[in-house]
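# Examination of the molecular architecture
So the chains spell out like this:
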Amino acid sequence: IAVSNIITCQSMVRRMIAKNDFDTRMRNQQAKEYAAATKIRSAYLGHVVRMDYRIAVSNIITCQSMVRRMIAKNDFDTRMRNQQAKEYAAATKIRSAYLGHVVRMDYRIAVSNII
């Protein structure tokens, strides 16, 4: 076996060892980068989800507030209509009593003029 063949064989073995070492280091580096990217992505997605949740809660609170306002307004309007109906009924009774009084007085005056 010639010395040059041995040197060539050693060179190929050293190249293979260096390539395997380089590949291992690259895989480790890629694994670290992937882990870092995963942490960044999870932090960002967590932030986005929290913001979406806050916006959703804010929208729900706004919607509840509007519904409660509408219910309160309808309740107030109903109470006002009931109050106005009672006042109108009372005014009608007072007006009918007054007109009855006026008609009776006119009748008494008319009867007293005839007699």
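For the structure itself, look to the data block above.
Below is a summary of the structure that appears in this document.

Quick notes on the rules
- Residues numbered from 1 in each chain as written.
- Predicted model: local features only at pLDDT ≥ 70, side-chain atom pairs only at ≥ 80, totals over all residues.
- Heavy atoms only, no water.
- Helix = DSSP H or I, 4+ residues; strand = E, 2+ residues; numbered from the N terminus.
- Rg over C-alpha atoms; globule rule 2.2 N^0.38 Å.
- Buried < 20%, exposed > 50% of the residue type's maximum accessible area, 1.4 Å probe, protein only.
- Areas by Shrake-Rupley, 256 points an atom, 1.4 Å probe, with all protein chains shown as cover.
- Lys, Arg positive; Asp, Glu negative; His and termini not counted.
- Charge placed at Lys NZ, Arg CZ, Asp CG, Glu CD.
- Salt bridge = Lys/Arg side-chain N within 4 Å of Asp/Glu carboxyl O.

## Regarding the overall build of the chain
Across its full length, the chain holds one helix and zero strands. Taking 2.2 N^0.38 as the reference for a compact globule, 115 residues should give roughly 13 Å; the C-alpha atoms of the chain span a radius of gyration of 49 Å, well beyond that estimate. By its C-alpha atoms, the chain is 165 × 15 × 10 Å across when sized along the principal axes. Going through the 115 residues of the chain one by one, you find that 1% of them count as buried. Accessible area for the chain stands at about 10,900 Å²; split by element, carbon and sulfur atoms hold 64% of it. Counting 20 positive and 8 negative side-chain charges, the chain places the centres of these two groups 3 Å from one another.

## Points about the pattern of salt bridges
What the rule picks out here adds up to four salt bridges. One salt bridge connects Asp21 with Arg25, and the closest N-O pair in it is separated by 3.5 Å. With a gap of four residues between them, Asp21 and Arg25 both fall in helix H1 (residues 3-114), about one helical turn apart. For Arg25, a relative accessible area of 57% corresponds to the exposed category. Of the charged contacts, one joins Asp75 and Arg79 as a salt bridge, the two residues approaching to 3.4 Å between their closest N and O atoms.

## Considering the environment of Glu33
Mapped onto the elements, Glu33 comes out in helix H1. Separated by 30 residues in sequence, Glu33 and Cys63 place their C-alpha atoms 44 Å apart.

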